[in-house]
Amino acid sequence: MAVQNKKLNLKDKYQYLTRDMGWEPTYQKKKDIFPDEDFEGIKITDWSQWEDPFRLTMDSYWKYQAEKEKKLYAIFDAFAQNNGHQNISDARYVNALKLFLSGVSPLEHAAFQGYAKTGRQFSGTGARVACQMQAIDELRHSQTQQHAMSHYNKHFNGLHDAAHMHDRVWFLSVPKSFFDDARTAGPFEFLTAISFSFEYVLTNLLFVPFMSGAAYNGDMATVTFGFSAQSDEARHMTLGLEVIKFILEQHEDNVPIVQRWIDKWFWRGFRLLSLVSMMMDYMLPNKVMSWSEAWEVYYEQNGGALFKDLERYGIRPPKYQDVANDAKHHLSHQLWTTFYQYSQATSFHTWIPEKEEMDWMSEKYPDTFDKYYRPRYEHLAKEAAAGRRFYNNTLPQLCQVCQVPTLFTEMGAPTKLSHRQLKYEGERYHFCSEACCEIFEHEPEKYIQAWLPVHQIYQGNCEGADVETVVQKYYHINIGEDNFEYLGSPDHKRWLSIKGIKPADEDKNAA
Amino acid sequence: MSQLVFIVFQDNDDSRYLAEAVMDDNPHAEIQHQPALIRIQAEKRLVINRETMEEKLGRDWDVQEMLVNVISIGGNVDEDDDHFILEWK
Ligand SMILES: [Fe+2]
Ligand SMILES: [Fe+2]
Ligand SMILES: [Zn+2]
């Protein structure tokens with residue numbers, strides 16, 4: 001009986017977990033069981049080379065995940081019981097959550113579906129197990145985020161129908177189409193897109209500095225779900241790096257295919273994160289770190305180290321990274337000034353930054369803010385003061401690939417709009433950049449099918465031809481409550497009354 | 001070119017010990033405190049040793065316990081029963 005409790009070490013345990021899940025089929029063809037494994041051109045010669053450095057087994061997985069959930073829900077309860085929403089820095093902050101709930105949380109759910117599907121596609125067991133654990137993680141992220149933000153929904157507008165909005169609202173087609181693009185690719189491209197380019201290279205920008213910012217703005221619930229989700233991310237990021245190294249080591253023919261995916265998905269992710277740049281610089285009233293500082297640490301420095309490591313496989317940094325690096329001085333300002341003028345069609349409010357915030361931006365963006373962007377805000381402020389708060393009634397031209405309005409400027413020429421176009425089978429298509437145009441050129445049959453919200457409105461597919469009908473009926477944005485300027489909005493009035501500054505004209509939620 | 005590995009912990013009670021252990025075992029590392037998080041970066045390599053953690057905590061410690069408090073990492077991971085290593089080779 002002496003050996004009864006002999007503990008297996010990690011490597012052995014992991015070996016036992018995976019070894020019986022892979023076998024050579026006898027009465028079915030392998031090709032029929034894993035039909036999607038080779039159509040992308042990726043050559044795998046030996047799945048047994050797959051290494052999972054975490055070697056997490058199911059018993060440990062459930063144990064640690066349960067511990068994370070217990071901690072998380074204890075904090076949600078405390079937050080709700082103590083009316084935590086009253087302790088945030090300012091109600092303007094809640095608008096970042098509205099964007100998060102409708103733009104990011106549905107991507108967690110899309111990731112769950114994507115990994116569940118992809119986990120079925122590989123004949124290698126290590127990859128299958130990693131994808132399936134990640135699928136469960138991503139479902140957890142989607143659920144915990146909705147639970148965390150449901151408390152805010154009791155006290156603020158714009159959070160009532162996030163999943164519906166994600167499928168329809170113009171700017172939410174940016175995140176939605178990003179994930180749909182990845183999920184409709186093959187399994188290896190999906191992992192390169194999401195595990196590597198998005199999770200390893202780019203999501204730190206959202207989940208680390210932005211969540212730290214949430215803490216700094218008094219939002220205990222959000223920082224807690226953010227970090228709880230992110231604690232799974234160390235595993236996801238590792239999967240991202242392992243999968244890239246694995247594919248590259250398997251066959252030299254894989255290198256150019258992976259390089260093109262990295263170029264594409266770095267760019268797609270960078271465009272998606274332009275929304276985060278604005279959340280960081282404009283929607284956090286108490287500021288921790290500017291977008292450009294975060295970009296320097298999390299992309300230029302960390303991404304630099306990563307791509308240096310990948311050099312030995314013949315991989316170079318993403319093709320358009322110079323454009324992205326240059327854009328760090330402009331991105332958040334270009335995004336916010338655009339959203340400011342389209343607030344009649346958003347589920348969150350916008351505003352002109354306060355004087356101290358503009359001074360902070362001058363300090364953080366010494367070469368660009370005072371020169372290009374402060375004058376715009378001064379003009380807009382003057383218009384608003386004269387009773388002409390500016391709303392742009394012309395619908396924007398969207399990029400056929402990233403679906404962001406063509407609002408960006410050329411590298412090194414910040415007053416020159418970046419725009420490309422081309423004709424494909426008699427139709428003209430428009431792009432925000434060289435990079436998006438190139439993505440289209442490589443897979444035109446895919447991107448001509450893009451569901452572009454502005455085109456759909458003009459084609460009469462969104463329950464009406466005027467913005468007001470579309471916003472109210474098709475998007476479920478409540479006019480006069482969820483949209484328009486922050487100052488004077490019901491959220492603003494409610495916040496003043498919470499802070500005892502001025503009685504709100506209606507008390508929607510006696511807390 | 002410098003090639004930094006990094007690890008980010010939630011700023012909580014467990015992580016205080018983790019950060020101490022990392023700083024003891026990696027004298028070349030640099031620690032940064034930001035709201036709600038602790039970020040440690042180092043040139044090329046960072047190691048977390050089970051033994052050091054067990055000394056700090058005065059109890060048995062499983063390397064995988066750490067996963068509950070880690071927010072992010074950069075570098076290639078190598079984990080076994082005795083340590084967790086991040087490195088660029
Ligand atoms: Fe997630
Ligand atoms: Fe993830
Ligand atoms: Zn584009």
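Being a predicted model, the structure only gives us computed values, none of them experimental. (Residues numbered from 1 in each chain as written. Chains lettered and ligands numbered in written order. Predicted model: local features only at pLDDT ≥ 70, side-chain atom pairs only at ≥ 80, totals over all residues. Heavy atoms only, no water.)

S.K.: Explain helix α3 (residues 58-81) of chain A to me, please; I cannot follow it from the model alone.
M.R.: Since the α-helix advances by 3.6 residues per turn, residues separated by three or four positions end up pointing in the same direction. Residue and element names in this part refer to chain A. With 24 residues, α3 extends 34 Å between its outermost C-alpha atoms, agreeing within 8% with the 34 Å of an ideal straight helix rising 1.5 Å per residue. Of the residues making up α3, those classed as buried are S60, Y61, Y64, Q65, K68, L72, F76 and F79. Backbone geometry just downstream of α3 places N83 in the positive-phi region, at approximately 50°. (Helix = DSSP H or I, 4+ residues; strand = E, 2+ residues; numbered from the N terminus. Expected span 1.5 Å × (residues − 1). Buried < 20%, exposed > 50% of the residue type's maximum accessible area, 1.4 Å probe, protein only.)

S.K.: Even after reading the chapter, I still don't get the sheet that holds strand β2 (residues 30-34) of chain B, so can you show me in this structure?
M.R.: Here we have four strands laid out as an open sheet, ordered β2-β3-β1-β5 (chain B), and antiparallel in their pairing. Strand pairing shows two members of the sheet lacking a second neighbour, β2 and β5 (70-74) of chain B, which therefore form its edges. Neighbour to neighbour, the strand axes of the sheet diverge by 15° on average, direction disregarded. Examined bridge by bridge, β2(B) and strand β3 (residues 37-43) of chain B share five bridges and lie antiparallel to one another. Counted as the bridge partner of Q32(B) is R39(B) from β3(B). Contacts from helix α11 (residues 220-250) of chain A reach β1 (4-10), β3 and β5 of chain B within the one sheet, and its direction differs from that of β5(B) by about 30°. On the sheet, helix α13 (residues 291-310) of chain A packs against β1 and β3 of chain B and is oriented at approximately 130° with respect to β1(B). (Pairing = 2+ DSSP bridges. Axes fitted to C-alpha atoms, helices over the stretch in contact; angles between N-to-C directions. Contact = heavy atoms within 4.5 Å.)

S.K.: Would you mind showing me how to read empty space enclosed by the protein here?
M.R.: Leftover empty space is mapped by rolling, across the atoms, a probe with the size of a water molecule. All names here are of chain A. Taken as a whole, this structure holds six cavities of 30 Å³ or more when the rule is applied. Counted as a void, the largest cavity has a volume near 290 Å³. Listing elements by their share of the lining of the largest cavity, those giving two or more residues are α4 (94-103), α5 (105-118), α6 (125-153), α8 (173-183), α9 (187-202), α10 (204-216), α11 and α12 (254-282). Considering each element in turn, the lining of the largest cavity owes the most residues, five residues, to α12. (1 Å grid on protein atoms, 1.4 Å probe; cavity = no way out; pocket = protein on both sides within 12 Å on 5 of 7 lines; lining within 4 Å. Points joined across faces, edges and corners; volume = space filled by probe spheres on them.)

S.K.: Can you walk me through the interface of chain A and chain B in this structure?
M.R.: You'll often see interface size given as the accessible area lost when the parts meet. On the chain B side, the residues contacting the 39 residues of chain A number 34 residues. When chain A packs against chain B, close to 3200 Å² is buried across both sides, 58% of that on carbon and sulfur atoms. Connecting chain A to chain B are one salt bridge. Two residues, K71(A) and D14(B), come together in a salt bridge whose shortest N-O distance is 3.8 Å. One can count 12 residue pairs in polar contact (both at pLDDT 80 or more) joining chain A with chain B. (Buried area = accessible area lost by both parts, 1.4 Å probe. Salt bridge = Lys/Arg side-chain N within 4 Å of Asp/Glu carboxyl O. Polar contact = N/O pair within 3.5 Å; in protein donor to acceptor, adjacent residues only side chain to side chain.)

S.K.: It is not clear to me how the packing of aromatic side chains should be interpreted in this structure. Could you clarify?
M.R.: For any pair of aromatic rings, geometry is given as the distance between the ring centres together with the angle between the planes. Residues and elements named next belong to chain A. Enumeration according to the criterion identifies 44 aromatic pairs over all chains in this entry. Measuring from centroid to centroid gives 6.2 Å for W47 and W50, while their planes differ by 45°, and the two rings are tilted. A relative accessible area of 11% places W50 in the buried class. Taking the centre distance of 6.3 Å and the plane angle of 5° together, the rings of F266 and F270 count as stacked. (Phe/Tyr/Trp six-rings, centres within 6.5 Å; stacked < 30°, edge-to-face > 60°.)

S.K.: How should I be thinking about the side chain of K68(A) in this particular structure?
M.R.: Mapped onto the fold, K68(A) is located in helix α3. For K68(A), a relative accessible area of 4% corresponds to the buried category. With residues near it in sequence (within four places) discarded, K68(A) still touches R140(A), S228(A), S231(A), D232(A), R235(A), L67(B) and V68(B).

S.K.: Please clarify how the sheet that holds strand β6 (residues 76-79) of chain B should be interpreted in this entry.
M.R.: Where strands meet in a sheet, backbone hydrogen bonds hold them as pairs that are either parallel or antiparallel. Residue and element names in this part refer to chain B. In space, the three strands of this open sheet follow the order β4-β7-β6, with antiparallel pairing throughout. Single-partner strands in this sheet number two, and they are β4 (45-49) and β6. Taken over all neighbouring pairs, the strand axes of this sheet differ in orientation by 10° on average, direction set aside. Sheet topology places β4 next to strand β7 (residues 83-87); five bridges connect them, and they run antiparallel. The residue of β7 that forms the bridge with N49 is H83.

S.K.: Explanation requested: the coordination of the iron ion (ligand 2) in the structure shown.
M.R.: Octahedral six-donor coordination of a metal ideally yields angles of 90 or 180 degrees, compared with 109.5 degrees for tetrahedral four-donor coordination. Residue and element names in this part refer to chain A. At this site the iron ion (ligand 2) is bound by E138 (OE), E199 (OE), E233 (OE), E233 (OE) and H236 (ND1), with donor distances of 1.9 to 2.7 Å. Read from N- to C-terminus, the donor residues coordinating the iron ion (ligand 2) fall into the pattern E-x60-E-x33-E-x2-H. Here the iron ion (ligand 2) and the iron ion (ligand 1) are spaced 3.4 Å apart, linked through E138, which binds each one. Of this pair, E199 sits in helix α9 while H236 sits in helix α11, placing them 37 residues apart in sequence. (Donors = N, O, S within 2.8 Å, 3.2 Å for Na, K, Ca; no water.)

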